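# Remarks on the overall topology
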Amino acid sequence: MMKGALIGCGFFAQNQLHAWRNIDGVEIVALCDRDAGRLSDTAAAFGILRTDTDAEAMLAAGGFDFVDIATTVGSHRALVEAAARAGCHVICQKPFAPTLADARAMVAACNAAGKTLMVHENFRWQSPIQAALAAVRAGEIGVPFFGRFSFRSGHDVFAGQPYLAEDKRFIIADLGIHVLDIARAFLGDAERITATTRRINPRIRGEDVATMLLSHAGGATSVVDCSYATRRVPETFPQTLLEIDGTTGTLRLDVGYALHVKGVVRDVSPPVLPWAQVPWHTIHESVAIIQQHFVDCVRAGAEPQTSGRDNLATLALVEAAYLSAAEGRSVALADL
Ligand SMILES: NC(=O)c1ccc[n+]([C@@H]2O[C@H](COP(=O)([O-])OP(=O)(O)OC[C@H]3O[C@@H](n4cnc5c(N)ncnc54)[C@H](O)[C@@H]3O)[C@@H](O)[C@H]2O)c1
């Protein structure tokens, strides 16, 4: 049995706990949150007996093989480093770190401890996205030369995650990060990015619209566009739509999980897991898939696809996008 401890019993951790319950050979044996009320409610809901409001104390006491860090970004570095010191494998929520320097330090800490470090970068693990990736990797559209990766919605994300309205960075750091990671999964790393941002919603501090143009190392170009100010009818939250042109054909992942490959349409709708809710079910399923991937990689001693090391390139795109938007110029990733 692989034993885990989860830190941060907030909005999203509930999904992670549901998913852990359904992974064979894994048990979450300890829970931590500095908010005692959230901690006891979550422990009761999931029948977890061991609880602590102090992460350092829980890690020092040990008794588990891995730590699932489900807190918001500001706490990640201290918690990842403490987990590495305690000799645990780590899965850590996105955004991985507030700065690239923090992210590099976390990767180094887990490397030095000889432990697996994976970022819970789950969007590329959504099964409709995986179906599209499989088609591209099988060469069904030849060599991709253009991609559009699009997430546009008017969904009120601030209701469940009020902290998102307060930070001076919003959509690129929170949501764009997922879509940039998807662009990397399809087209490889980017060498250059140009971004524009806007704030449409006057009640939030950060930007809620971002449009990014990426030049990928393999020669492909992509557009990553994100908006939480788009009044779509019908609403498409939380679907990421794709359009990829290759040398021998095109692929589109359209609204309603319709995957078009060279004119043939396939329904790639994700299942609604027993604990999931529509329309979140595609996100919920991806949580189960990414956590299974983490377990498989730890067992095999293999590096996860969305490892801490891999995520450095996604974080670099986030930093470069903000720099580009602030300075009104194209930014080379090599210059960061
Ligand atoms: N991957 C996804 O699809 C997805 C979706 C939503 C949120 N998230 C990410 O999940 C993370 C958590 O988001 P959330 O909305 O659940 O936040 P939240 O504020 O609802 O929950 C975070 C919890 O962590 C606790 N916490 C913070 N620092 C702590 C510490 N040092 N020790 C112990 N407990 C601590 C807080 O008390 C809180 O209960 C964020 O980084 C967010 O970006 C990811």
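Before reading on, note that the structure itself is shown above.
What comes next is a walk through the structure. (Residues numbered from 1 in each chain as written. Predicted model: local features only at pLDDT ≥ 70, side-chain atom pairs only at ≥ 80, totals over all residues. Heavy atoms only, no water.)

### A look at the nonpolar core
Phe149, Phe186, Ile193 and Met212 are the most contacted members of the largest nonpolar core, which totals 91 residues. In this structure, Ile193 is in contact with Leu180, Met212, Leu213, Leu214, Leu317, Ala320, Ala321, Ser324, Arg329, Ser330, Val331 and Leu333, ignoring residues within four places of it in sequence. Met2, Ile23, Ala43 and Met118 belong to the second largest nonpolar core, which has 23 residues in total. (Core = buried A, V, L, I, M, F, W, Y, C linked by side-chain atoms within 4.5 Å. Buried < 20%, exposed > 50% of the residue type's maximum accessible area, 1.4 Å probe, protein only. Contact = heavy atoms within 4.5 Å.)

### Some words on unusual backbone geometry
The linkage connecting Phe237 with the following residue, Pro238, adopts the cis geometry, with an omega of -5 degrees. With respect to the secondary-structure elements, Pro238 resides in the loop between β10 (221–227) and β11 (241–246). Even without being glycine, Tyr257 reaches a positive phi, approximately 60 degrees. Here Tyr257 is to be found in the loop between β12 (249–254) and β13 (258–261). Taking relative accessible area as the criterion, Tyr257 reaches 9% and is therefore assigned buried. (Helix = DSSP H or I, 4+ residues; strand = E, 2+ residues; numbered from the N terminus.)

### Re the site of the ligand
The full set close to the ligand counts 25 residues, and Asp33, Arg38, Lys94, Asn122 and Tyr163 are the nearest of them. Taking Asp33, its side chain carries an N or O atom lying 2.6 Å from an oxygen atom of the ligand. Within the backbone of Lys94, an N or O atom sits 2.8 Å from an oxygen atom of the ligand. Burial of the ligand by the protein amounts to 90% of the accessible area it has alone, namely 850 Å². A class-by-class count of the residues in the shell around the ligand yields nine nonpolar, 10 polar and six charged. Counting the residues that make up the shell around the ligand, at least three belong to each of domain 1 (2–115) and domain 2 (123–277 + 308–335). (Near = heavy atom within 4 Å. Polar contact = N/O pair within 3.5 Å; in protein donor to acceptor, adjacent residues only side chain to side chain. Areas by Shrake-Rupley, 256 points an atom, 1.4 Å probe, with all protein chains shown as cover. Nonpolar A, V, L, I, M, F, W, Y, C, P; charged D, E, K, R; others polar. Domains from an automatic or database assignment.)

### Focus: helix α8 (residues 281–300)
When the terminal C-alpha atoms of α8 are compared, their 29 Å separation across 20 residues agrees well with the 28 Å that a helix rising 1.5 Å per residue should span. Of all 20 residues in α8, 15 are buried, a share of seventy percent or more. Immediately downstream of α8, the backbone of Gly301 shows phi near 65 degrees, a positive value. (Expected span 1.5 Å × (residues − 1).)

### Some remarks on the packing of helix α4 (residues 76–85) against helix α5 (residues 100–113)
When two helices pack together, you describe them by how their axes are tilted relative to each other and by the distance separating the axes. Their axes nearest at 9 Å, the elements α4 and α5 cross at an angle of 10 degrees. When the axis of α4 is compared with that of α5, the two are roughly parallel. Taking contact as the criterion, the partners of His76, Arg77, Val80, Glu81 and Ala84 in α4 are, on α5, Ala101, Asp102, Ala105, Met106, Ala109, Cys110 and Ala113. Classifying every residue of the contact of α4 with α5 by side-chain character gives eight nonpolar, one polar and three charged. (Axes fitted to C-alpha atoms, helices over the stretch in contact; angles between N-to-C directions. Parallel < 35°, antiparallel > 145°, perpendicular 65-115°, else oblique.)

### Describing the pattern of salt bridges
Per the counting criterion, the structure on display carries 15 salt bridges. Residues Arg124 and Asp310 are paired through a salt bridge, measuring 3.5 Å at the closest nitrogen-oxygen approach. Taken together, the residues span a long stretch of sequence, with Arg124 in the loop between β6 (117–120) and α6 (127–137) and Asp310 in helix α9 (residues 308–327) at a distance of 186 residues. What makes Arg124 buried here is its relative accessible area of 6%. (Salt bridge = Lys/Arg side-chain N within 4 Å of Asp/Glu carboxyl O.)

### Overview of the packing of α5 against α9
Taken N-terminus to C-terminus, the directions of α5 and α9 make an angle of 180 degrees; their axes are 10 Å apart at the nearest point. By the angle between their axes, α5 is roughly antiparallel relative to α9. For the pair formed by α5 and α9, the contact residues are Leu100, Ala103, Arg104 and Val107 on the first element and Gly308, Arg309, Leu312, Leu315, Ala316 and Glu319 on the second. A class-by-class count of the residues in the contact of α5 with α9 yields six nonpolar, one polar and three charged.

### Describing the sheet that holds strand β2 (residues 26–32)
Spatially, the six strands line up as an open sheet ordered β3-β2-β1-β4-β5-β6, and their pairing is parallel. Looking at strand neighbours, the two that pair on one side only are β3 (50–52) and β6, the edges of this open sheet. Across this sheet, the average inter-strand angle for adjacent strands is 25 degrees, counted without regard to direction. Sheet topology note: the strand β1 (residues 2–7)/strand β4 (residues 66–69) ladder contains four bridges and is parallel. (Pairing = 2+ DSSP bridges.)

### What about the side chain of His76?
Position of His76 among the secondary structure elements: in helix α4. Exposure remark for His76: the relative accessible area of 0% places this residue in the buried category. Residues contacting His76, with those up to four places away along its chain left out, are Ile69, Thr71, Cys92, Gln93, Lys94, Pro95, Phe96 and Met106.

### Considering the pairing of β2
When you tally the buried positions in β2, you get six out of seven residues, the bulk of the element. With six bridges joining them, β1 and β2 adopt parallel strand pairing. By the bridge assignment for β2, Gly4 is matched with Ile28. Running through helix α1 (residues 13–21), the crossover from β1 to the neighbouring parallel element β2 is right-handed. Sheet analysis places β2 next to β3, joined by three bridges and oriented parallel. Across the sheet, residue Leu31 finds its bridge partner in β3, namely Thr51. Handedness of the crossover joining β2 and β3 through helix α2 (residues 36–46): right-handed. (Right-handed = clockwise from strand over helix to strand, strands pointing away.)

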